Amino acid sequence: MNGTLLPLFVAIPLGAAFLVAFLGRYSRVLADTLGTVATLSLAVLAVLLRGVRGVYAIGGWPPPLGIVWSVDGLTVMMLIVVNVISFTATLFSAPYLARFTAKSKYYGLFLLMVAGMNGVVLTGDLFNLFVFLEIASIASYALVAFGCEHEELEASFKYLVLGSVGSTLILLAIALLYGATGFLTMANVSQALAGRGSSPLTVLAVVFFVVGFGIKAALVPFHPWLPDAHPSAPAPISAMLSGVLIKTLGIYTLARLAFNIFGVDGTFASVLMALGVLSMTVGVFLAVGQWDLKRLLAYHSISQMGYVVLGIGLGGWVLATGGSPAVGTLAMLGGVFHLANHAAFKSLLFLCSGAIEQATGTRQLKELGGLGERMPLTRATCTIASLSIAGVPPFNGFWSKLMIVLACFQAGRYGLAAVTLLVSFVTLVSFLKVMRYAFLGSLPERLREVREAPLLMSLSMVLLAVLCTGMGLLLVGGAREAFLEPAVNALRAGLELGRTVLATGG
Amino acid sequence: MVYILCFVLFLVGLYCVLTKKNIVKIVIGLGIMEYAVNLFLVLLGYRRGGGAPIREPGGDPLEFLATAVDPLPQALVLTSIVIGLGVTALAIALCVRLYEKYGTFDVTEIRRLKG
């Protein structure tokens, strides 16, 4: 296994997207099989490639002339998260989408989105990043509108307008950086910027980047598209959007820019922390009042993204202001771990909501009730996911939240620790509400005949539930050294990373 | 100076997106923003009196370096125009579907989602 296999992460989904759109028209089974095989092979490949580090120059052109793809710990972690979640989502799609007509188009768009996300994670070139970002975004605009009903079209249009404004700002910032440094390769840009200190031009570029990626990541105050767009998509797509898309297009890119290109300083880290705290609190308080199940979950995505940004920002702040490196690492470890955990439990929650919606035909909590006896498996998986997101031990969400809270305490930011705990408590309350109204209470007359989800849907939910329960083990010994610590080290390496990339490239 | 004009064009587009009620006009606003950025990129590579970045056989490399414009932004702009085409096509398709469903292009009347 070595770096020459890297192009497969984009080639497989792109090729499969073409084939499935072309051949899937003739047979639905063929479309299902092609989609699932493509994502399964990607997931296996991602896990097999976990030890690979290095730089891959496309077409053999060394940087700064050609485009480079660079792989470090964070890239590997994101690749595994993206591809494993997309595999479970395709498993779920096969029976769930039986009621839609254009299955081949669905898989085509789905795989395009996966290709875009893998590309965003792998690339070490700014303009290449923009291209992959747009591939993933455009595919997701179309997928949100997939049902072609009133709400879906409206949500998709809103998402498209905000998303395009975000993309344009990102392109403008890339143009500014190119004008300032004459490079597009991230490593070269970071070296060139490091040599000259901050100027008004780079500050402007940073502001555009933060707003652009903030829109993509749906951080408060750039969030209004998310609670419309995520619930409107078909359930497996909601799982992908909330589970991995906002993270790869928003959080990952933001962290990459902050740490490895500009080099994080106190102010930048404080901005990240402020965005994180704002998203956390605003998201959770808007979530708790919702009665639409998927909308409630969507608001929780905003809130949980706040945790991730807070963890990463706090880590950067501690390191930049000369605090103890151990505390900074703990905060970043918590943030990055929470990102992986959120992918597992939020995807699972959206898949559960899809199973409920398909069985009952509604997702209004007030119209549901007593589903526990009719859908025991959905109830069990949904309980696990709810406990994970609320941070109840021993599920995965508990460990990452604990790390963030501990880091807040050790850094002396007691206020932040208190806010984190409060948000966690409100999250618990809102998921108790979900459990109470969906699974407990009396079964309405209308829902007497409700049946458990089909086999493949159940299988993908069980798979994610196992992940939610078992991911706490990643903190133990060898697993932590193999998976999480390299990811944080890649961020901590900061500007040094660019030097390594240039030294090994070509 | 000319960069500032680009930025003004960008703001015109943003103003259009933010204030117009007709969804087709919003799409046009997005297009204006995008072209402002494209223009900015091309201008970054431009030099007064520069020639096309094609080196003729036997030409003097130093003279080529001294006169050619930067070709990289042109390649970027081509890519970005194609991406913009995709976004605009999708946006217009959505507008058509929205009109079929709601019978209007007015954003203030297309609002079933709230909360």
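The paragraphs below set out a description of the structure included in this document.

Cut-offs and rules
Residues numbered from 1 in each chain as written. Chains lettered and ligands numbered in written order. Predicted model: local features only at pLDDT ≥ 70, side-chain atom pairs only at ≥ 80, totals over all residues. Heavy atoms only, no water. Helix = DSSP H or I, 4+ residues; strand = E, 2+ residues; numbered from the N terminus. Rg over C-alpha atoms; globule rule 2.2 N^0.38 Å. Buried < 20%, exposed > 50% of the residue type's maximum accessible area, 1.4 Å probe, protein only. Contact = heavy atoms within 4.5 Å. Areas by Shrake-Rupley, 256 points an atom, 1.4 Å probe, with all protein chains shown as cover. Axes fitted to C-alpha atoms, helices over the stretch in contact; angles between N-to-C directions. Parallel < 35°, antiparallel > 145°, perpendicular 65-115°, else oblique. Left-handed = near helix turned anticlockwise from the far one by under 90°. Nonpolar A, V, L, I, M, F, W, Y, C, P; charged D, E, K, R; others polar. Buried area = accessible area lost by both parts, 1.4 Å probe. Salt bridge = Lys/Arg side-chain N within 4 Å of Asp/Glu carboxyl O. Phe/Tyr/Trp six-rings, centres within 6.5 Å; stacked < 30°, edge-to-face > 60°. Lys NZ or Arg CZ within 6 Å of the ring centre and 35° of its normal. Expected span 1.5 Å × (residues − 1). Patch = residues over 30% accessible without salt bridge, like charges linked within 9 Å, V, L, I, M, F, W, Y side chains within 5 Å.

## Describing the overall build of chain B
Phase 1 of the analysis: Helix and strand counts for chain B come out as four helices and zero strands.
Phase 2 of the analysis: Tracing chain B from N to C terminus, the helices and strands come up as α-α-α-α.
Phase 3 of the analysis: For chain B, the C-alpha radius of gyration of 20 Å lies well beyond 13 Å, the compact-globule estimate for 115 residues.
Phase 4 of the analysis: In terms of principal-axis extent, the alpha carbons of chain B reach across some 65 × 30 × 20 Å.
Phase 5 of the analysis: Going through the 115 residues of chain B one by one, you find that 32% of them count as buried.
Phase 6 of the analysis: In chain B, 51% of the contacts between residues at least 6 apart in sequence involve partners at least 24 apart.
Phase 7 of the analysis: Surface summary for chain B: the accessible area is close to 7,100 Å², and the carbon and sulfur share equals 66%.

## Quick word on the overall build of chain A
Phase 1 of the analysis: Helix and strand counts for chain A stand at 20 helices and two strands.
Phase 2 of the analysis: Here chain A has a C-alpha radius of gyration of 22 Å; the compact-globule value for 506 residues is 23 Å, and the two agree.
Phase 3 of the analysis: Along the first, second and third principal axes, the C-alpha atoms of chain A reach 70 × 55 × 45 Å.
Phase 4 of the analysis: Here chain A holds 506 residues, and 64% of them are scored as buried.
Phase 5 of the analysis: Put simply, 81% of the contacts in chain A that link residues at least 6 apart link residues at least 24 apart.
Phase 6 of the analysis: Of the roughly 16,200 Å² of accessible surface on chain A, 68% is carried by carbon and sulfur atoms.

## Quick notes on the packing of helix α5 (residues 126-144) of chain A against helix α10 (residues 235-262) of chain A
Residue and element names in this part refer to chain A.
Phase 1 of the analysis: At a closest axis distance of 11 Å, the pairing of α5 and α10 adopts a crossing angle of 160 degrees. Overall, the two elements α5 and α10 adopt an arrangement that is roughly antiparallel. Crossing of α5 against α10: the hand is left-handed. Contacts between α5 and α10 involve L126, L129, L133, A136, S137, S140, L143 and V144 from the former and I237, L241, L245, L249, T253, L257 and I261 from the latter.
Phase 2 of the analysis: Partitioning the contact of α5 with α10 into residue classes produces twelve nonpolar, three polar and no charged.

## Notes on the interface of chain A and chain B
Phase 1 of the analysis: Contact residues are listed per partner, giving 35 residues for chain A and 37 residues for chain B.
Phase 2 of the analysis: Summed over the three residues of chain A that lose the most area to chain B, namely H150, E154 and F157 of chain A, the buried surface amounts to 22% of that side.
Phase 3 of the analysis: If you look at where chain A meets chain B, you find zero salt bridges.
Phase 4 of the analysis: Those elements that provide at least two residues to the side of chain A that touches chain B are α5, α6 (150-181) and α12 (293-320) of chain A.
Phase 5 of the analysis: Counting residues per element, the side of chain A that touches chain B draws most heavily on α6 of chain A, at 19 residues.
Phase 6 of the analysis: Across the side of chain A that touches chain B, the residue classes break down as 23 nonpolar, six polar and six charged.

## Notes on the packing of aromatic side chains
Residues and elements named next belong to chain A.
Phase 1 of the analysis: Applying the stated criterion across every chain yields a total of 18 aromatic pairs over all chains.
Phase 2 of the analysis: When the ring of F209 is compared with that of F213, the centres are 5.7 Å apart and the planes differ by 5 degrees; the resulting orientation is stacked. With F209 and F213 both in helix α8 (residues 200-217), this residue pair falls four residues apart, about one helical turn.
Phase 3 of the analysis: Its relative accessible area of 2% is what places F209 among the buried residues.
Phase 4 of the analysis: Joined through ring pairs, the aromatic side chains of Y106, Y107, F110 and F146 make up one cluster.
Phase 5 of the analysis: Here the guanidinium or amino end of R413 rests over the ring plane of W317, the centre of that ring lying 4.5 Å away.
Phase 6 of the analysis: Above the face of the Y437 ring, R436 is positioned so that its terminal group lies 5.0 Å from the ring centre.

## Considerations on helix α16 (residues 396-410) of chain A
Phase 1 of the analysis: For α16 of chain A, with 15 residues, the first-to-last C-alpha span of 22 Å sits near the 21 Å given by 1.5 Å per residue.
Phase 2 of the analysis: Against the buried residues of α16 of chain A lie α12, α13 (325-360), α15 (376-390), α17 (414-438) and α18 (455-470) of chain A.

## Overview of the side chain of S424 of chain A
Residue and element names in this part refer to chain A.
Phase 1 of the analysis: Relative to the helices and strands, S424 is located in helix α17.
Phase 2 of the analysis: Judged by relative accessible area, which is 13%, S424 ranks as buried.
Phase 3 of the analysis: Ignoring sequence-local partners within four residues, the contact set of S424 consists of Y307, A390 and K401.

## Some thoughts on a nonpolar patch on the surface
Residues and elements named next belong to chain A.
Phase 1 of the analysis: Residues F18, L19, F22, L23, Y26 and L30 make up a contiguous nonpolar surface patch of roughly 640 Å² in combined accessible area.
Phase 2 of the analysis: Examining the composition of the nonpolar patch, we find that four residues originate from one element, helix α1 (residues 8-23), more than from any other.
Phase 3 of the analysis: Among the secondary structure elements, Y26 is positioned in the loop between α1 and α2 (28-48).

## Section: the pattern of salt bridges
Residue and element names in this part refer to chain A.
Phase 1 of the analysis: Counting across every chain of the model gives six salt bridges over all chains.
Phase 2 of the analysis: The partner of R295 in a salt bridge is D228, and the shortest N-O contact between them spans 3.1 Å. Remark: D228 occurs in helix α9 (residues 226-232) and R295 occurs in helix α12; sequence separation between them is 67 residues.
Phase 3 of the analysis: Using a relative accessible area of 7% as the deciding quantity, one classes R295 as buried.
Phase 4 of the analysis: Residue classification places D228 among the buried positions, given a relative accessible area of 3%.
Phase 5 of the analysis: We note a salt bridge from R363 to D292, for which the minimum N-O separation is 3.1 Å. Taken together, the residues span a long stretch of sequence, with R363 in the loop between α13 and α14 (371-374) and D292 in the loop between α11 (266-288) and α12 at a distance of 71 residues.

## Section: unusual backbone geometry
All names here are of chain A.
Phase 1 of the analysis: The step from V220 to P221 runs through a cis peptide bond, and the omega angle for that step is 10 degrees.
Phase 2 of the analysis: Backbone torsion omega between P393 and P394 reads 5 degrees, so that peptide bond is classified as cis.
Phase 3 of the analysis: Mapped onto the secondary structure, P394 falls in the loop between α15 and α16.
Phase 4 of the analysis: A positive phi angle, close to 55 degrees, is found at C148, a residue other than glycine.

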